[in-house]
Each structure stands twice: as structure tokens, then as C-alpha cells.
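Residue-level listing of the chains:
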Amino acid sequence: MAQGVWAVTEQRDGAFRKISYELVSEGRRLADKLGQKLTAVVIGASMKEKAKELSQYGADRIIVADDPRLGQYTTDAYVEIMGQLVKAEEPSVLLMGASVQGKDFSARLAGRLGVGMAQDCTAFDIENGGLIATRPVYAGKAYTTVGFENSFPQMATARPNVMSVLAPDAGRSAELVDAQFTLDDAALKTKVAEAIKDASGKVDLTEADKIISGGRGMKGPENFKILEDLADVIGASVGASRSAVDAGWRPHRDQVGQTGKVVSPNLYVACGISGAIQHLAGMSTSKVIVAVNKDAEAPIFQKADYGVVGDLFDVVPALTEAVKKYM
Amino acid sequence: MKIIVCLKQVPDTETQIKIAPGGEKIVTDDIKWVMNPYDEFGVEEALRLKEKFGGDVTVIGMGPKRVTESIRTALAMGADKGILISDAALEGSDSLGTAKALAAVIKGLQFDIIFTGQRGIDEDQGLTGACIADLLGIPQVSLAVKLEVAADGKSVKVNRPVEGQTLVVEAQLPVLITTQKGLNEPRYASLPGIMKAKKKPLEEKALKDLGLDPAEVGLGGRKLKIIKITPPPARAEGKIVQGETPQDKATELARLLHEEAKLI
């Protein structure tokens, strides 16, 4: 009988990524509803000390798979190990992150285990002892609520920046377990030859707390400077709509929308973006949306918590000055 | 080089999604069906590799008869052969069931590289490619924005952006690669291409041709069950920030973001 909730964390260069705390916190909430234990899983190289802090976010047990070959994520190694761990203990719920790494990892693991999986979920619940997940489909034009049909573990990934993180409680402790696994070098069919850091040095859009995005209304690549100035003052990353990317004003990795990135920041400021369905698809789960647009009829205003009707070339620099007072 | 491209047919991005009575399906009557945009990058990349290394490109689609149109589009772009997997008993398959059907067909073919889109823009699961790779026991590299096959045609280097960095991943062929925007600019089918496509082979396969247990696929084989489909949650009514001048509006917005939203 499958038992227990597992939250699979994500590390890079020896530090946990934010999604890890979100997963452990959400795992805690689900484990409480089920009346079961929460296990956090850590895969990496020399992560044992760092792993201990997960107890503060609610983990009862922490399984650490530690191996010099695991410092950098590879699909082959991580799926092989996770497959072995899951088969040995048969957890009931397996939560992972819908980050770039987590999507690759979970998709292959679902295939390996032959189980159902719900990708990029925005809410979880327990009904009749089973996991229920809510996820946007058709790029957020609809949502589906899904459950699992005699399929264990019940696997799902959580959209980054959606699940709230519990306040760390230093009084909590957890059992630390060394993962038992075998990893044959012959099973490793891919290798990471190089990791090239993005030159911008900004937080990636999918993890950013605040995003300032520009669209066709920016009129040209040089004008994104005013968005970058505002972003610098409030600590935001800069995104773009499809039209701005297709015009060659911004790189592909900056595109927010149905054929770009799906983001979920606390603050999303859309400047000169009309709000085409394809763009709304990528940002509609943002917590607070601000729209700045000359056209009072632009569809983006229907999604906005705060709308400013005006010329962005006047409003944005004025906003940059106005926010300085609070920083 | 033998290249396979898996493609899905999905509602066009402009489609308004309407939920059917009962709340378990969407209304499909007025939908304009197109090739999944992410799959177009796979077709294009396959054609470029064929132009460089020779060989052929086989396109495999699954679904009702209308999927033939998307396969023909790929043939018109330059692919050599199409396979449609179509059977009422396969309808309603989840990602894993779909992967099983596609992998069953692929097992009977020769291949060096398989392309799939990184995800279908309908269900947004992004599972099928990885599940096919696992069923075939070959490596996968997801979210490619650049790929370079070695001159000897035996290995590939793929650039895949992950948050804040780009990883350059090396893999031996055969490999499955999932494609995304930035990899290339898919070509349009030319008129002669469209004419030629009509004469290219397009084979149809049913469930009985796949050697699969019918209980593993289709609605009955679903491991993930849809409980309900709902419209997106409504957002609270927003407010238009008032002010005489752009400066006034900006000052008021800053105040609201600080005092009300508590974000700055």
C-alpha cells in the first residue's frame, strides 16, 4: 500500500532553488491532510549538510542521494536514481517542480514508472484520500481538475512561484537518510559539456518576484532602457511579448506567453502590451497585474489590478522616479 | 540519416475554449485545427538535417482523420513519408497512452533522431516526448534551441536553456530531442511542395497493428482522469489609476503598490 508524501527538491551549485521550499511546504500541507509523513528528496553532490534545513519547512524525513556524478542534473542519472527510490518505498504522492529541470525529470520518470502525471499545477487538494490537482490547460484558457486512476505514486509538478512557503521553524527536526541506489556509468548516455551563464545576470523570468514586460508599444529595442531602469529600481526582471520578440527587439528567452515562458510573479507590469490571448496565457497567474497602455480599450485592462491609461514613455519614467521614495 | 518527427494536431492559438455541458470536455465544433506550433520546429530541423546529411524524414501523427491535414502539411514542407495512427479505441488516451502508441510504431522503424515538440499547446503536459524516449530506451534532450550533429553523424550537441543558463548537452544517437521556439524559423510549404505532398506515401495504422494491450490505451487506459474542466478563475475587478498628468498617475500607482498591494 503506497504511503507517504514525497517532495523532490531541486538544487543548483549546492544551493536549493526557491521551488524546493515551495514543494516541501506544499508537501507538508498535503501530508497533514492525509495524516502521513512528508519525505524530502535531495539529489546532488555534497548536499548532506545543506539538506538538513528542509526540516524547518516541514520535512519529517530527508532522503539524500549523494554522489559526485549528481552535482549537475542529467536526465539519465536522476531518473535512474529516483526510479529506484520510488520502487523501493512506494510513496503515495510524488511532488516535483515544474521548472525547466523538473519538467524534464518528471516527464521521463512518469514514463519510467508507467504512472499518470499532472504537469504545472497551480493547486492541490486531497479528496477521499487521493491527490486532486488543478492545472491550466489551453494556455490558461481553461483549467482542469484531475485525479489518479489506481496509479501510484500520484505524480504532479507545481508551477514555480505559486505554492506559498511556510515560515521556517528551527525547532523542527527530521530523520536524515542516505539513499540506497546503484548508478552504472553505462546508463549515463548524455553529458553536460558546458554551462553558459546568461549575460544579463538577472533572475530568470520563471522565478522572478517582479517582472516588467514590454510589447509592440515599446516601438523599438532601444526603448526597453526605460523598462530596465524601472526594473533596476524595484529589483525586477524584464520580459517581452511575442510581437516584441518576433520583431527582434528582445531575445527568445524573454518571451512571456503561450509559445514562450509561463510566469507567475508577485508583480507583473505590462507596458505597451495590448493583451492578446497568447500573452495573457503566459502571465495570468501573476498575483498583481499592472497595465500601462494608451488604448483604454486594450484587453489587458480586463486582467489588470491596476490600469494606467497613458503614454508609457511618460508614465514609466515617472513611475521609476515615484517608486524611489519607497525603496 | 533517418529522422522521425512526431506531431500533434491542436486548436489554433486564437481559439476560444468553450466547455461542453457536463464539464469534462471542450466544444470542438468551431475549432480550427493546426499542427502544434512546437512540432513545426521539429519538422524544420529534421528537413535541415536531411539536407545536410541525406536520408529521409518520417512524420507520425495520432488522432482522428483530420490529423491527416497536419501530416500533409509536413509532407508539403518536405518530409518524405507520413504515418497516421487512428483508431476510435485510442481516443481519449492520456500522455502515457499516446507515448505507448507512438513508441509501438517507432519500434518498427529505423531512426537516428526523433523530434517532438516540447509540449502540445492544448493540454500543456509536455510528457509524450520523454515517455517515448523511455519506452524506446534512448536518451532525450529537451527544449533544444540549437543543435549540431557531428560530421560522422554519430553524436549531437544540443543547447538547452534552463533558468539563468544554457546547458550544452552531448548525446550519442539515437536520441529524442524536444523542440521549442528559437531553434529555427519553420519554412512555409511551397505550391510545388503541396502538389508533391499529395503523392507521398501516407500509411494508416490502427490499434491492432501496434501490438499493444487495448487496456493500456484510450479512455479506459487513462491513469490521469479528468474530473472537470472549468473556466479560468475570475480575477478581482481592477481599478483604473486616476490622475491629471502622467506624473500624477505614476505617483498614485506607486502609492497603491506600496500601501495597498505592499509590493514595493
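Nothing here was measured: the structure is a model prediction, and the numbers come from that model.

## Structural notes on a nonpolar patch on the surface
Residue and element names in this part refer to chain B.
No. 1: Judged by side-chain polarity, Leu191, Ile194 and Met195 come together as a nonpolar surface patch covering roughly 300 Å² of accessible area.
No. 2: Mapping Leu191 onto the fold places it in helix H5 (residues 191–197).
No. 3: With relative accessibility at 62%, the residue Leu191 sits in the exposed group.

## A look at the interface of chain A and chain B
When the parts of a complex come together, some accessible area is lost, and that lost area is often used as the size of the interface.
No. 1: At the interface, 84 residues of chain A touch 77 residues of chain B.
No. 2: In this assembly, chain A packs against chain B so that about 7,100 Å² is buried in total across both faces, 57% of it on carbon and sulfur atoms.
No. 3: At the junction of chain A and chain B, the tally comes to seven salt bridges.
No. 4: Across the pair Glu170 of chain B and Lys191 of chain A runs a salt bridge whose closest N-O atoms are separated by 3.3 Å.
No. 5: On inspection of chain A and its partner chain B, the count reaches 44 residue pairs in polar contact (both at pLDDT 80 or more).
No. 6: Examining the composition of the side of chain A that touches chain B, we find that eight residues originate from one element, strand E13 (residues 190–197) of chain A, more than from any other.
No. 7: For the side of chain A that touches chain B, a count of residues per class yields 38 nonpolar, 23 polar and 23 charged.

## Quick word on the packing of aromatic side chains
No. 1: Considering all chains together, one arrives at five aromatic pairs over all chains under this definition.
No. 2: A centroid spacing of 6.1 Å and a plane angle of 75 degrees characterise the contact between Phe16 of chain A and Tyr21 of chain A, whose relative ring orientation is edge-to-face. Comparing Phe16 of chain A with Tyr21 of chain A shows no difference in burial state: the two are buried.
No. 3: Centroid distance Tyr73 of chain A to Phe105 of chain A: 5.8 Å. Interplanar angle 50 degrees. Geometry classified as tilted. In this pair, Tyr73 of chain A sits in the loop between strand E5 (61–66) and helix H3 (75–89) while Phe105 of chain A sits in helix H4 (residues 100–113), placing the two residues 32 residues apart along the sequence. For the pair shown, Tyr73 of chain A and Phe105 of chain A are each scored as buried.
No. 4: Grouping aromatic residues by their ring pairs yields a cluster made of Phe16, Tyr21 and Tyr57 of chain A.
No. 5: Here the guanidinium or amino end of Arg66 of chain B rests over the ring plane of Trp33 of chain B, the centre of that ring lying 3.5 Å away.

## Quick word on unusual backbone geometry
No. 1: Following Phe152 of chain A, the chain continues into Pro153 of chain A via a peptide bond in cis, with omega recorded as 0 degrees.
No. 2: Looking at where Pro153 of chain A falls in the secondary structure, it is placed in the loop between strand E10 (142–148) and strand E11 (154–158).
No. 3: Residue Pro174 of chain B is reached from Leu173 of chain B by a cis peptide bond, and omega for that bond is 0 degrees.
No. 4: Relative to the assigned elements, Pro174 of chain B resides in the loop between strand E10 (165–172) and strand E11 (175–179).
No. 5: In the Ramachandran plot, Asn128 of chain A falls in the positive-phi region, its phi being about 50 degrees despite a non-glycine side chain.

## Considering the domain arrangement of chain A
All names here are of chain A.
No. 1: One can read the domain layout of chain A as domain 1 (5–187) and domain 2 (205–324).
No. 2: Centre-to-centre separation of domain 1 and domain 2, based on C-alpha positions: 32 Å.
No. 3: Listed by partner, the interface residues are ten residues for domain 1 and eleven residues for domain 2.
No. 4: Buried area between domain 1 and domain 2, summed over both chains or domains, comes out near 910 Å², and the portion from carbon and sulfur atoms is 46%.
No. 5: Taken as a group, Ala139, Arg159 and Asn161 account for 52% of the area that domain 1 buries against domain 2, more than any other trio of residues on that side.
No. 6: Our count for the contact surface shared by domain 1 and domain 2 stands at one salt bridge.
No. 7: Among the ionic pairs, Arg17 bridges to Glu207, the shortest N-O distance being 2.6 Å.
No. 8: Summed over the shared surface of domain 1 and domain 2, the result is four residue pairs in polar contact (both at pLDDT 80 or more).
No. 9: When grouped by side-chain class, the residues that make up the side of domain 1 that touches domain 2 number five nonpolar, two polar and three charged.

## Quick look at the confidence of the model for chain B
No. 1: Per-residue confidence for chain B gives a mean pLDDT of 96, with 100% of residues at or over 70.
No. 2: Overall fold confidence (pTM) sits at 0.95, and the ipTM for the predicted complex is 0.95.

## Thoughts on helix H4 (residues 128–136) of chain B
No. 1: Most of H4 of chain B is tucked away: seven of the nine residues are buried.
No. 2: Residues of H4 of chain B that are buried include every one of Gly129, Ala130, Cys131, Ile132, Ala133, Asp134 and Leu136 of chain B, and no others.
No. 3: Looking at the buried positions of H4 of chain B, the neighbouring elements they touch are H4 of chain A together with strand E1 (2–7), helix H3 (95–107), strand E6 (113–117), strand E7 (140–144) and E11 of chain B.

## Quick notes on the sheet that holds strand E13 (residues 224–230) of chain B
No. 1: Pairing is antiparallel across the open sheet formed by four strands, whose spatial order is E8(A)-E9(A)-E10(A)-E13(B). Lying at the two open borders of the sheet, with one neighbouring strand each, are strand E8 (123–127) of chain A together with E13 of chain B. The sheet shows a mean angle of 30 degrees between the axes of neighbouring strands, taken without regard to direction.
No. 2: Strand direction decides the pairing type here: E8 of chain A and strand E9 (residues 130–137) of chain A, joined by five bridges, are antiparallel. From the neighbouring strand, Ala123 of chain A faces E9 of chain A, where its bridge partner is Thr134 of chain A.
No. 3: In the packing of helix H1 (residues 18–34) of chain A onto the sheet, the strands contacted are E8 and E9 of chain A, and the crossing angle to E8 of chain A comes to about 10 degrees.

## What about the pattern of salt bridges?
No. 1: Scanning the entire structure with this criterion turns up 48 salt bridges over all chains.
No. 2: With a closest N to O distance of 3.7 Å, Arg12 of chain A and Glu163 of chain B form a salt bridge. Pair noted here: Arg12 of chain A is in strand E2 (residues 11–12) and Glu163 of chain B is in the loop between strand E9 (155–162) and E10, and the two residues belong to different chains.
No. 3: Owing to a relative accessible area of 4%, Glu163 of chain B belongs among the buried residues under this scheme.
No. 4: Across the pair Asp204 of chain A and Lys261 of chain A runs a salt bridge, and its minimum N-O distance is 3.1 Å. Here Lys261 of chain A lies in the loop between helix H6 (242–246) and strand E16 (267–271) and Asp204 of chain A lies in the loop between E13 and strand E14 (210–214), a separation of 57 residues in the sequence. The pair formed by Asp204 of chain A and Lys261 of chain A is uniform in burial state, with each residue classed as buried.

Basis of the calculations
- Residues numbered from 1 in each chain as written.
- Chains lettered and ligands numbered in written order.
- Predicted model: local features only at pLDDT ≥ 70, side-chain atom pairs only at ≥ 80, totals over all residues.
- Heavy atoms only, no water.
- Patch = residues over 30% accessible without salt bridge, like charges linked within 9 Å, V, L, I, M, F, W, Y side chains within 5 Å.
- Areas by Shrake-Rupley, 256 points an atom, 1.4 Å probe, with all protein chains shown as cover.
- Salt bridge = Lys/Arg side-chain N within 4 Å of Asp/Glu carboxyl O.
- Helix = DSSP H or I, 4+ residues; strand = E, 2+ residues; numbered from the N terminus.
- Buried < 20%, exposed > 50% of the residue type's maximum accessible area, 1.4 Å probe, protein only.
- Contact = heavy atoms within 4.5 Å.
- Buried area = accessible area lost by both parts, 1.4 Å probe.
- Polar contact = N/O pair within 3.5 Å; in protein donor to acceptor, adjacent residues only side chain to side chain.
- Nonpolar A, V, L, I, M, F, W, Y, C, P; charged D, E, K, R; others polar.
- Phe/Tyr/Trp six-rings, centres within 6.5 Å; stacked < 30°, edge-to-face > 60°.
- Lys NZ or Arg CZ within 6 Å of the ring centre and 35° of its normal.
- Domains from an automatic or database assignment.
- pLDDT = per-residue confidence, 0-100.
- Pairing = 2+ DSSP bridges.
- Axes fitted to C-alpha atoms, helices over the stretch in contact; angles between N-to-C directions.

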